[in-house]
Amino acid sequence: MVIFGIHRHPYRSILPPEFSCPNCREKGQTVFNQISRVFHIFYLPVLAFGHGHESLCNYCKLNLKSSEMDREFKTNNRAYLKSNIPPIWHFSGLLFMALFILSAKLYGMKKQNDIRERIVHLEEGRIFDYKTKLASYSTFKVAKIEGDSVELIYNLYDAGRKADLHLVKVDKNYAGERRKVHRDQLLQWFDKGTVFHVHW
């Protein structure tokens with residue numbers, strides 16, 4: 001399966017009626033193609049580079065690349081060999097990648113704002129996922145709220161990976177240390193990245 005690679009893409013063709021092929025001398029049979037090399041991922045063009053030209057006589061099939069054209073040929077056919085900006089679709093992969101990154105960033109910002117709202121509008125029973133000092137993962141639950149004071153009850157167990165937190169997130173496991181903190185402390189933990197998720 002081809003994931004990425006480089007393809008040659010012609011993007012501009014001209015068939016001048018007055019031009020005579022340098023090989024067979026037939027008039028109006030030579031096509032001038034402008035070509036760029038395009039880096040692609042899954043056949044989606046990402047970046048165009050290495051622009052060049054080719055000429056092809058439809059009568060005698062003489063095919064000349066830029067490097068094979070002599071100075072006189074290039075001088076006489078300057079109008080057909082001029083450089084042009086490749087079409088925008090040669091860069092469409094960059095646009096898709098930029099849109100994907102932007103979407104991911106906006107989604108991440110929205111998710112962070114949602115979590116912050118859950119902390120600001122705190123409710124008893126809300127569960128927080130956090131990273132422990134030993135680089136494992138665990139949870140604590142809001143047991144009681146009295147003004148700006150919040151009583152937390154910690155999970156007895158932790159997990160080695162975030163993905164395994166659901167294994168320890170059982171009601172009977174919330175029987176560990178109890179601790180009172182100020183509401184603002186929860187926001188500080190979130191801003192530092194110690195708390196990374198808050199459940200409804």
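Residues numbered from 1 in each chain as written. Predicted model: local features only at pLDDT ≥ 70, side-chain atom pairs only at ≥ 80, totals over all residues. Heavy atoms only, no water.

**Q** Sorry, what's going on with the environment of Arg71 here?
**A** Inspection of the secondary structure puts Arg71 in helix α1 (residues 71-76). Arg71 gets classed as exposed once you look at its relative accessible area, which sits at 74%. When the C-alpha atoms of Arg71 and Asp171 are compared, they prove to be 82 Å apart, with 100 residues separating the residues in sequence. (Helix = DSSP H or I, 4+ residues; strand = E, 2+ residues; numbered from the N terminus. Buried < 20%, exposed > 50% of the residue type's maximum accessible area, 1.4 Å probe, protein only.)

**Q** How should I be thinking about the sheet that holds strand β4 (residues 63-65) in this particular structure?
**A** Strand pairing in a sheet relies on backbone hydrogen bonds. The paired strands run either parallel or antiparallel. One open sheet accounts for four strands, arranged β1-β2-β3-β4; its pairing is antiparallel. Two strands lie at the open edges of the sheet, namely β1 (4-14) and β4, each paired on one side alone. Across the sheet, the axes of successive neighbouring strands diverge by a mean angle of 30°, strand direction being ignored. (Pairing = 2+ DSSP bridges. Axes fitted to C-alpha atoms, helices over the stretch in contact; angles between N-to-C directions.)

**Q** How should the side chain of Asn155 be read in this particular structure?
**A** Mapped onto the secondary structure, Asn155 falls in the loop between β7 (149-154) and α3 (165-168). At a separation of 2.9 Å, a polar atom in the side chain of Asn155 contacts the main-chain amide nitrogen of Tyr157. Apart from the residues lying within four places of it in its own chain, the contact partners of Asn155 are Ser138, Thr139, Phe140, Val168, Lys169, Asn173 and Tyr174. (Polar contact = N/O pair within 3.5 Å; in protein donor to acceptor, adjacent residues only side chain to side chain. Contact = heavy atoms within 4.5 Å.)

**Q** Explanation requested: the sheet that holds strand β8 (residues 178-182) in the structure shown.
**A** Pairing within the open sheet is antiparallel, and its five strands lie in the order β8-β7-β6-β5-β9. Where the open sheet ends on each side, the last strands, each with one partner, are β8 and β9 (195-198). When the angles between neighbouring strand axes are averaged without regard to direction, this sheet yields 35°. Taken together, the five bridges between β7 and β8 define a ladder with antiparallel strand orientation. Bridge pairing links Glu151 to Lys180 in β8. The sheet contacts of helix α2 (residues 92-120) involve β5 (127-131) and β9, and relative to β9 the element is tilted by about 80°.

**Q** Looking at this structure, I do not really get the packing of α2 against helix α4 (residues 183-192). What am I missing?
**A** Angle between the axes and distance between the axes are the two parameters that describe a pair of packed helices. Running from N to C, α2 and α4 point in directions that differ by 160°, and their axes come no closer than 10 Å. In terms of their interaxial angle, α2 and α4 are classed as roughly antiparallel. Crossing of α2 over α4 shows right-handed handedness. Contact residues: Gln112, Ile115, Arg116, Ile119 and Val120 in α2; Arg183, Leu186, Leu187, Phe190 and Asp191 in α4. (Parallel < 35°, antiparallel > 145°, perpendicular 65-115°, else oblique. Left-handed = near helix turned anticlockwise from the far one by under 90°.)

**Q** Just checking my understanding: could you explain the state of the cysteines for this structure?
**A** Throughout this description, disulfide means a covalent bond between two cysteine sulfur atoms. Across all of its chains, the model carries zero disulfides by this definition. Unpaired in terms of disulfides, Cys24 finds its nearest cysteine sulfur in Cys57, a separation of 3.7 Å. Cys60 supplies the cysteine sulfur nearest to Cys57, a cysteine that is in no disulfide, at a spacing of 3.7 Å. The exposure class of Cys57 is buried, given its relative accessible area of 1%. (Disulfide = S-S within 2.5 Å.)

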